[in-house]
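Coordinates in review
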Amino acid sequence: MTKINNFRLNTHFTALGQINQAFRGSISFPGRSYGFILGQTLARTTITVPSGIYVENVLIRTSLDNNINHIYHDLTISLSALAYINIAINQISNNTYELVALFSNTGDTVNVPQFTAEAVMRLAVAPFGV
């Protein structure tokens, strides 16, 4: 029988060790018109967490869709058939996440409205190291 020894105590295989606090980040964009553009950063912020490897439970909320809660790491909002905003939370390092809004437009000039976005994360210790 193979011995598996990389698993951590109090994780998926025992009881998931969730960090007590929620980690938050928010961004806002004042609004502007854009022509053809691919991957323009509209806003970004970093979220600092304790150093470690985590399983993330993410909630993203944005005023672009009347603050509906989305349980995803990224969210795409269409402004037209050829223009969209992607709001995402990405892990940058073992203690830093980033909330970012990117805009792409492959058509005529589009007005990007003023908006806010917020991410709330709950973190649990990952079941094994990498």
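Higher on the page you've got the structure.
Model, not experiment: these values are computed from the prediction.

Here is what the cut-offs are and how they apply
Residues numbered from 1 in each chain as written. Predicted model: local features only at pLDDT ≥ 70, side-chain atom pairs only at ≥ 80, totals over all residues. Heavy atoms only, no water. Core = buried A, V, L, I, M, F, W, Y, C linked by side-chain atoms within 4.5 Å. Buried < 20%, exposed > 50% of the residue type's maximum accessible area, 1.4 Å probe, protein only. Helix = DSSP H or I, 4+ residues; strand = E, 2+ residues; numbered from the N terminus. Contact = heavy atoms within 4.5 Å. Phe/Tyr/Trp six-rings, centres within 6.5 Å; stacked < 30°, edge-to-face > 60°.

Moving on to the nonpolar core. Membership of the largest hydrophobic core comes to 30 residues, with the highest contact counts inside it found for Leu 42, Phe 103 and Met 121. Counting residues per element, the ones that place at least two in this core are strand 1 (18-29), strand 3 (37-48), strand 4 (54-62), strand 6 (74-78), strand 7 (83-93), strand 8 (96-105), strand 9 (110-112) and strand 10 (115-125). For this core, the element with the highest residue contribution is strand 10, accounting for 5 residues. If we ignore the near neighbours within four places in the chain, the residues touching Leu 42 are Phe 29, Tyr 34, Ile 85, Ala 101, Phe 103, Val 112 and Phe 115.

Enumeration over the complete set of coordinates arrives at 2 aromatic pairs. Ring geometry for Phe 29 and Phe 115: centres 5.6 Å apart, planes at 35°, overall tilted. Placement of Phe 29 in strand 1 and of Phe 115 in strand 10 is noted, with a sequence separation of 86 residues between them. Comparing Phe 29 with Phe 115 shows no difference in burial state: the two are buried. An angle of 40° between the planes, with centres 5.3 Å apart, marks the rings of Tyr 34 and Phe 103 as tilted. One end of the pair, Tyr 34, is in strand 2 (residues 32-34); the other, Phe 103, is in strand 8, and 69 residues separate them in sequence. Here Tyr 34 and Phe 103 have matching classes, each one buried.

Don't take any of this as a statement about function, it's just geometry.
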